[in-house]
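Descriptive structure summary
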Amino acid sequence: MSRPVLDVRDLRKIYGAGEATVHALAGVTLSVERGDYVAIMGSSGSGKSTLMNILGALDIPSSGSYHLDGVDVSKLGDRQLALARNRLIGFIFQAFNLIPRTSAVANVELPLAYAGVKPKERRRRAMAALEVVGLVDRARHEPNQLSGGQQQRVAVARALVTEPALLLADEPTGNLDSHSTHDVLNVFDQLSASGRTIVLITHEPEVGDRAKRLIRLVDGRIVSDVRQSPIEQPPAGLTTGRHHVWAGRRA
């Protein structure tokens, strides 16, 4: 059996001291196998943002262990952590974080430029990633020429372009309307079907329902971890303008 992409054991994160002590994470143990699609849900203050930062190697736990694709993150120095973030994790943020006045394809190329990939190969891989998210025809458009949903799909392509072990998404539909949310979640469904490993942080039930596995956090602890049945998706073409006339239901 292959090693898990994520393996965390008894993760704890403590802020402050004395009476001001806050236990943001209070012993989280979690394993995510290759190809899984996991949604982590929780209300404000549940610890999900802290967990996101630790899983993304943006912060370190107070105690506990974290292995990312077999690598013990606690043993990495700053330079090695930066390399791990670039090569092993594809980040997708709520705010898109695209560079303004820069084309979609140039935005997607950026992680490859940091990794030292030659320009011709960067362009080839960036266009392939845009094709995956259905935006090849918008490759030359700048962010202000794209809708919110299209900008987020460019951000997904940017996360994909390095072929990371993990796609890590933080509230990826938080700034989107319902139509754009549907489009972006369809992209995640397709990526999951192709074998990508996805961990998604959200507070939206309709987003969590699309994952294969739903984990709920309360007060820094996992209170439920449920394997879900797939949601049946609308037949192709059964839409009217921006309004879907088919109502999805859980199988």
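For the structure given in this document, a descriptive report is provided here. (Residues numbered from 1 in each chain as written. Predicted model: local features only at pLDDT ≥ 70, side-chain atom pairs only at ≥ 80, totals over all residues. Heavy atoms only, no water.)

1. A closer look at the overall build of the chain
Operational definition: Secondary structure elements follow DSSP: runs of H or I of four or more residues count as helices, runs of E of two or more count as strands, with numbering from the N terminus. For a compact globule the rule gives 2.2 Å times the number of residues to the power 0.38, and the radius of gyration it is set against comes from C-alpha atoms. Throughout, a residue-residue contact means that at least one pair of heavy atoms, one from each residue, lies within 4.5 Å. The protein chains shown are the only cover counted for residues, whose accessible areas, like all others here, come from Shrake-Rupley with a 1.4 Å probe. Positive residues here are Lys and Arg, negative ones are Asp and Glu, while His and the chain termini are left out of the count. Just so you know, the charge point we use is NZ for Lys, CZ for Arg, CG for Asp and CD for Glu.
The secondary structure content of the chain amounts to seven helices and 14 strands. Over its C-alpha atoms the chain spans a radius of gyration of 18 Å, differing by no more than 12% from the 18 Å that the globule rule assigns to 251 residues. For the chain, the share of sequence-separated contacts (at least 6 apart) that also reach a separation of at least 24 residues comes to 68%. Total accessible area on the chain is roughly 12400 Å²; 51% of this is exposed by carbon and sulfur atoms. Distance between charge centres in the chain, computed from 31 positive and 26 negative side chains, equals 6 Å.

2. A look at the layout of surface pockets
Condition: Buriedness for pockets is judged along seven lines, at least five of which must meet protein on both sides within 12 Å for an open set on the 1 Å grid over protein atoms alone, while cavities are sets there where a 1.4 Å probe fits but cannot get out, and lining residues have an atom within 4 Å of a point. Grid points are joined across faces, edges and corners, and a volume is the space filled by probe spheres set on the points. Any residue outside Ala, Val, Leu, Ile, Met, Phe, Trp, Tyr, Cys, Pro, Asp, Glu, Lys and Arg is labelled polar, Gly included; the first ten of those are nonpolar and the last four are charged.
Put simply, the second largest pocket is a space of about 330 Å³. Where the lining of the second largest pocket is concerned, the elements lending two or more residues are α2 (78-88), β6 (89-93), α3 (104-114) and α5 (148-160). By residue number, the principal contributor to the lining of the second largest pocket is β6, which donates four residues. Broken down by class, the residue content of the lining of the second largest pocket amounts to nine nonpolar, four polar and two charged.

3. A short note on α5
As a reminder of what qualifies: How far a helix is expected to stretch is found by multiplying one less than its residue total by 1.5 Å. Burial here depends on accessible area, computed with a 1.4 Å probe over protein chains only, as a share of the maximum for the residue type. Under 20% is buried, over 50% is exposed, and the range in between is partly exposed.
The first and last C-alpha atoms of α5 sit 19 Å apart over 13 residues, in line with the 18 Å expected at 1.5 Å per residue. Most of α5 sits inside the fold, with twelve of its 13 residues counted as buried. The complete set of buried residues in α5 reads Gly149, Gln150, Gln151, Gln152, Arg153, Val154, Ala155, Val156, Ala157, Arg158, Ala159 and Leu160. In this structure, the buried side of α5 is in contact with β6, α3, α4 (119-132), β7 (166-170) and α6 (178-193).

4. Quick notes on the nonpolar core
Rules: The set of buried Ala, Val, Leu, Ile, Met, Phe, Trp, Tyr and Cys residues whose side-chain atoms join them within 4.5 Å is what this entry labels a nonpolar core.
With 38 residues, the main nonpolar core has Val108, Leu130, Val133, Val154, Val156 and Phe188 as its most contacted residues. In terms of residue count, the dominant contributor to this core is α5 (six residues). If we ignore the near neighbours within four places in the chain, the residues touching Val156 are Ile92, Val133, Val187, Phe188 and Leu191. Ala57, Tyr66, Leu68 and Ile215 belong to the second-largest nonpolar core, a separate cluster that totals 30 residues.

5. Overview of unusual backbone geometry
Excluding glycine, a negative phi dihedral is what most residues carry, and trans is how most peptide bonds are arranged. One non-glycine residue, Asp69, lies in positive phi territory at about 50 degrees. Checked against the element boundaries, Asp69 lands in the loop between β4 (63-68) and β5 (71-72). Backbone geometry places Asn97, a non-glycine residue, at a positive phi of 60 degrees. Topologically, Asn97 is positioned in the loop between β6 and α3. Judged by relative accessible area, Asn97 falls into the partly exposed class, the value being 44%.

6. Here's the deal with the sheet that holds strand β8 (residues 198-202)
The criterion, for reference: Think of it this way: DSSP has to see at least two bridges between two strands before they count as a pair. Axis lines are fitted to C-alpha atoms, over the contacting stretch for helices. Their N-to-C directions set the angle, which ranges from 0 to 180 degrees.
Ordered in space as β6-β7-β8-β3-β9-β10, the six strands form an open sheet in which the pairing is mixed. Of all the strands in the sheet, the pair left with one neighbour each is β6 and β10 (221-227). Across the sheet, the mean angle separating the axes of adjacent strands is 15 degrees when strand polarity is ignored. Pairing of strand β3 (residues 37-41) with strand β9 (residues 213-218) involves four bridges; the strand directions are parallel. From the neighbouring strand, Met41 faces β9, where its bridge partner is Arg216. Strands in contact with α5 are β6 and β7; relative to β6, the strand with the most contacts, it is inclined by about 165 degrees.

7. Comments concerning the environment of Arg153
The cut-off we apply is this: Two N or O atoms form a polar contact when they lie within 3.5 Å of each other; inside protein one atom must be a possible hydrogen donor and the other a possible acceptor, and for residues adjacent in sequence the pair counts only when both atoms belong to side chains.
Counting through the fold element by element, Arg153 comes out in helix α5. The residues touching Arg153, leaving out its near neighbours within four places in the chain, are Val133, Gly134, Leu135, Asp183, Val184 and Val187. A polar contact is formed between the side chain of Arg153 and the backbone oxygen of Gly134, at a distance of 3.3 Å.

8. So, α4
Test applied: Taken from the helix axis, the directions to the C-beta atoms give the arc we talk about.
Along its 14 residues, α4 runs 20 Å from first to last C-alpha, staying within 8% of the 20 Å computed at 1.5 Å per residue. Taken together, the buried positions of α4 are Arg122, Ala126, Ala129 and Leu130. Buried residues in α4, looked at end-on, bunch into an arc of 100 degrees, giving them a common side. α4 presents Lys120, Arg124 and Glu131 as exposed residues on the side facing more than 90 degrees away from its buried surface.

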